[in-house]
Amino acid sequence: MVPSYNSQDYLHLCLDTVVQGGPEVEVIVVDDGSTDNTAAIAREYCDRYPDIVRLEQKENGGHGSAVNRGLEVATGAYFKVVDSDDWLDPTDYLSVLSFLRSNSSVDLLITNYVYEYSYNGKHKVMRYNNVFPEGKVISWDNMRSFRFDQLMLMHSMFYRTELLRQCGLKLPEHTFYVDNLVAYLPLPYVKSLIYLDCSPYHYFIGRPDQSVNTQIMIKRIDQQIKVTRMMIEAYDVYNDIDYKSLRQYMLFYLSMMVATTVTHLYIAEDKTLRSKADELWDYIKQSDKKLYAELRGSFINLCIDLAQKINPRILAHSLKLIKRIYKFS
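Reading the values: rules and limits
- Residues numbered from 1 in each chain as written.
- Predicted model: local features only at pLDDT ≥ 70, side-chain atom pairs only at ≥ 80, totals over all residues.
- Heavy atoms only, no water.
- Salt bridge = Lys/Arg side-chain N within 4 Å of Asp/Glu carboxyl O.
- Helix = DSSP H or I, 4+ residues; strand = E, 2+ residues; numbered from the N terminus.
- Buried < 20%, exposed > 50% of the residue type's maximum accessible area, 1.4 Å probe, protein only.
- Core = buried A, V, L, I, M, F, W, Y, C linked by side-chain atoms within 4.5 Å.
- Contact = heavy atoms within 4.5 Å.
- 1 Å grid on protein atoms, 1.4 Å probe; cavity = no way out; pocket = protein on both sides within 12 Å on 5 of 7 lines; lining within 4 Å.
- Points joined across faces, edges and corners; volume = space filled by probe spheres on them.
- Nonpolar A, V, L, I, M, F, W, Y, C, P; charged D, E, K, R; others polar.
- Pairing = 2+ DSSP bridges.
- Axes fitted to C-alpha atoms, helices over the stretch in contact; angles between N-to-C directions.
- Patch = residues over 30% accessible without salt bridge, like charges linked within 9 Å, V, L, I, M, F, W, Y side chains within 5 Å.
- Areas by Shrake-Rupley, 256 points an atom, 1.4 Å probe, with all protein chains shown as cover.
- Polar contact = N/O pair within 3.5 Å; in protein donor to acceptor, adjacent residues only side chain to side chain.
- Parallel < 35°, antiparallel > 145°, perpendicular 65-115°, else oblique.
- Left-handed = near helix turned anticlockwise from the far one by under 90°.

### What about the pattern of salt bridges?
The full count for this structure, using the stated rule, is 13 salt bridges. Of the charged contacts in the structure, one is a salt bridge between E162 and R165, with a shortest N-O distance of 2.9 Å. Of the two residues, E162 and R165 are both situated in helix 5 (residues 161-166); the distance of three residues between them amounts to about one turn of the helix. Classification of R165 by relative accessible area gives partly exposed; the value is 31%.

### With respect to the nonpolar core
Core analysis: the largest hydrophobic core is formed by 106 residues, its most contacted members being F132, W140, M152, L187, Y249, Y253 and I284. Top element by residues in this core is helix 9 (residues 244-267). It accounts for 15 residues. Sequence-distant contacts of Y249, defined by excluding residues within four places in its chain, comprise M143, F146, L151, M152 and L187. Counting residues in hydrophobic clusters, the runner-up holds 10 residues, among them Y78, V96, L100 and F158.

### Some words on the layout of surface pockets
Volume-wise, the second largest pocket comes out at about 520 Å³. In terms of lining residues, the second largest pocket is bounded by 24 residues, among which E24, V25, E26, Y78 and L97 are the most central. Those elements giving two or more residues to the lining of the second largest pocket turn out to be strand 2 (27-32), strand 4 (78-79) and helix 4 (90-101). No other element matches the five residues that helix 4 contributes to the lining of the second largest pocket.

### Section: empty space enclosed by the protein
In total, this model carries two cavities of 30 Å³ or more according to the counting rule given. Approximately 50 Å³ is the volume found for the largest cavity. Lining the largest cavity we find F79, K80, V81, M154, M157, Y159, L164 and V182. Along the lines of polarity and charge, the residues of the lining of the largest cavity split into seven nonpolar, no polar and one charged.

### Details of the sheet that holds strand 1 (residues 2-4)
Within the open sheet, the three strands sit side by side as 1-2-3. Their pairing is parallel. The open sheet has two edge strands, strand 1 and strand 3 (53-58), and neither has a second partner. On average, each strand axis in the sheet is inclined to that of its neighbour by 20 degrees, with strand direction left out of account. As paired strands, strand 1 and strand 2 are joined by three bridges and run parallel to one another. When the bridges of strand 2 are listed, S4 appears paired with D31. Helix 1 (residues 11-18) contacts strand 1 and strand 2 of the sheet and is inclined by roughly 170 degrees relative to strand 1.

### Brief notes about a nonpolar patch on the surface
On the surface, a nonpolar cluster with roughly 280 Å² of combined accessible area is contributed by L306, I310 and I314. Note on placement: I310 falls in helix 12 (residues 299-310). On the accessibility criterion, I310 (58% relative accessible area) is exposed.

### Comments concerning the side chain of Q150
With respect to the element layout, Q150 can be found in the loop between strand 7 (123-126) and strand 8 (157-160). Among the polar contacts listed, one links the side chain of Q150 to the side chain of N130, at a separation of 2.9 Å. Here R147 takes part through its backbone nitrogen, which lies 2.8 Å from a polar atom of the side chain of Q150. Discounting residues that sit within four places of it in the chain, Q150 has contacts with M126, R127, Y128, N130, V131 and F252.

### Some details on the packing of helix 8 (residues 221-234) against helix 9
For the pair helix 8 and helix 9, the least separation of the axes is 10 Å and the interaxial angle reads 155 degrees. Classified by the interaxial angle, the pair formed by helix 8 and helix 9 is roughly antiparallel. Helix-helix and strand crossings are classified by hand; for helix 8 and helix 9 the assignment is left-handed. Facing helix 8, whose interface residues are I221, Q224, I225, V227, T228, M231 and I232, helix 9 presents Y253, L254, M257, V258, T260, T261, H264 and L265. Taken together, the residues that form the contact of helix 8 with helix 9 break down as 10 nonpolar, five polar and no charged.

### Some thoughts on the side chain of D86
Mapped onto the secondary structure, D86 falls in the loop between strand 4 and strand 5 (87-88). For D86, a relative accessible area of 1% translates into the label buried. Reaching out from D86, the side chain makes a polar contact with the backbone nitrogen of F204 at a distance of 2.8 Å. Leaving out residues up to four positions away in the same chain, D86 has contacts with C14, H155, Y201, H202, Y203 and F204.

### Section: the environment of R43
Structurally, R43 is set in helix 2 (residues 38-48). With a relative accessible area of 41%, R43 lands in the partly exposed category. Separated by 172 residues in the primary sequence, R43 and Q215 have C-alpha atoms spaced 35 Å apart. Beyond its immediate chain neighbours, meaning those up to four positions away, R43 contacts L55 and Q57.

Fair warning: the whole summary comes from geometry, so function is off the table for now.
Here is the structure:
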């Protein structure tokens, strides 16, 4: 499905690629209350590809609200979110579809994805061939350790639709950064997964108005905090997660989320915002002292604490390092 809000400048490219899946693919464009020609463009594709493309229109509720609508009406066996400013590589996309035809019961398909940097025309492929055996159905027990610069993001994941419904996935409205919830919350429900060493998803990054832009993240930091807390509240990772390797990965993901959040709070040079970092840490400590010790003692958060004590200006450089490691910009 394609969540879309004022996407007229790039929706054509996105839809031109996703319709190449042919009639076995259901392309649901959710127009989230756009005020431009987004709906008209979607209708054009509905007319051209009546057996493939459908348009859902709703009042503006944000990215999560659009994904919720797409999941509500989806009829396909697998559910994939393709943001309207991103696109799919046709060859690798068709390879994924070919594979799913004969493996229609696997809970999660993982692929590589590609960062496309708008400001310099370069790209970076995020691969997982060091973590998962290629082309083999496995459980989390068979997963190897992730490198420090790796995370499974929404762009790399094709979930079985019914699994998302079974886990009760429902994203908050009017909230950015909910893609982290899509990439995190369903994981304990996944019993079978498979990795294909191909790169269908191309993630366009570096646009000035993009949600991961530093100044925009600072303005929307309450939403980042909200998502981080939702991830922390979702599970008791020490008692709810059966697989040790999955537990370690989920702790790693939480550590990254907290590090990203507190760094933006610190570099804002606003006392009110800086106090929210302490509030977040206090919340984690009160919720789960073991989790607090784990996250506070992680390498990346230890570095942030040290930089804050030595010279807060170092944090700006720390943020650049975090974004370089995780390829956020």
